[in-house]
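Examination of the molecular architecture
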Amino acid sequence: MSKTILITGASSGIGRATAEVFLQAGWTVGLVARRAEVLESVADTYSTAIPLPADVTDADAVEAVFDGFVGTAGRVDAIFNNAGIFGKPGAVDEVTPEEFGEVVAVNLTAMFLVARAAFARMKAQEPAGGRIINNGS
């Protein structure tokens, strides 16, 4: 069985590049992002890519991602917790509380939700353990 990794923010940038590195190395890779069509295009290229479109700010969606990934891949060896967004540029008094809340939801809350779900699965699997890599800027 190949090693497994689940990558959030896998549709572009660092997440997409990281996914391709692991896919080329023969890993089974769970691709998580909101844009399903982009994830499907990666999965069309690599047989070990598992597209898992989801909004990682939604706790139920994160649990469903992990259930789907473990159900297909068998286990979780690593997580690259990479989903993130930039907020609207401008002075602090020009940013609305809703805009700030969206940035916090994606960059902080989602990272917690994914790490929490990963830890629970890693603790319960045999052999237990795994790696959680949180990428932030």
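The structure this text deals with has already been given above.
The sections below set out a description of the structure shown in this document. As the structure is a computational prediction, the values presented were derived from the model and not from experiment.

A separate point is the overall build of the chain. What the chain contains, in helices and strands, is four helices and five strands. Seen in sequence order, the chain has helices and strands lined up from the N terminus as β-α-β-α-β-α-β-α-β. For the chain, whose C-alpha radius of gyration is 15 Å, the value lies close to the compact-globule estimate of 14 Å for 137 residues. Dimensions of the chain, computed from C-alpha atoms along their principal axes, come out at roughly 55 × 30 × 20 Å. Put simply, the chain has 137 residues, and 41% of those count as buried. Excluding contacts between residues fewer than 6 apart, the proportion of contacts in the chain whose partners are at least 24 apart in sequence is 54%. Put simply, the chain shows about 7500 Å² of open surface, and 57% of that area lies on carbon and sulfur atoms. Here the chain contributes 10 positive and 16 negative side-chain charges, whose respective centroids are spaced 9 Å apart.

In this chain, Glu126 is followed by Pro127 through a cis amide linkage whose omega measures -10°. Tracing the sequence through the fold places Pro127 in the loop between helix H4 (97-124) and strand S5 (131-134).

This part takes up the environment of Trp27. Residue position: Trp27 is located in the loop between helix H1 (13-24) and strand S2 (28-32). C-alpha of Trp27 to C-alpha of Asp77: the two residues are 50 residues apart in sequence and 10.0 Å apart in space. Dropping the residues within four chain positions of it, Trp27 is found in contact with Ser2, Lys3, Thr4, Ile5, Phe22, Thr48 and Ala78.

A few words now on the sheet that holds strand S4 (residues 78-81). Across the sheet, which stays open at both edges, the five strands sit in the order S3-S2-S1-S4-S5 with parallel pairing between neighbours. The outermost strands of the open sheet, each flanked by one partner alone, are strand S3 (49-51) and S5. Within this sheet the neighbouring strands show an average axis-to-axis angle of 15°, counted without direction. In terms of strand pairing, strand S1 (residues 4-8) meets S4 through three bridges, oriented parallel. Counted as the bridge partner of Ile7 is Phe80 from S4. Strand contacts of H1: S1, S2, S3 and S4, with the helix running at about 165° to S1, the strand carrying the most contacts. The sheet strands contacting helix H3 (residues 59-73) are S1, S2, S3 and S4, and the helix crosses S1 at an angle near 155°.

With that settled, the discussion passes to the pairing of S4. Successive residues of a regular strand alternate their side chains across the two faces of the sheet. Neither face of S4 is open: one carries Ala78 and Phe80, the other Ile79 and Asn81, and all of them are buried. Sheet topology note: the S4/S5 ladder contains four bridges and is parallel. Bridge pairing in S5 places Phe80 opposite Ile133. After leaving S4, the chain enters H4 and then returns to the sheet as S5, a path that is right-handed.

What counts, and where the lines are drawn
Residues numbered from 1 in each chain as written. Predicted model: local features only at pLDDT ≥ 70, side-chain atom pairs only at ≥ 80, totals over all residues. Heavy atoms only, no water. Helix = DSSP H or I, 4+ residues; strand = E, 2+ residues; numbered from the N terminus. Rg over C-alpha atoms; globule rule 2.2 N^0.38 Å. Buried < 20%, exposed > 50% of the residue type's maximum accessible area, 1.4 Å probe, protein only. Contact = heavy atoms within 4.5 Å. Areas by Shrake-Rupley, 256 points an atom, 1.4 Å probe, with all protein chains shown as cover. Lys, Arg positive; Asp, Glu negative; His and termini not counted. Charge placed at Lys NZ, Arg CZ, Asp CG, Glu CD. Pairing = 2+ DSSP bridges. Axes fitted to C-alpha atoms, helices over the stretch in contact; angles between N-to-C directions. Right-handed = clockwise from strand over helix to strand, strands pointing away.

Coordinates in, geometry out; function isn't part of it.
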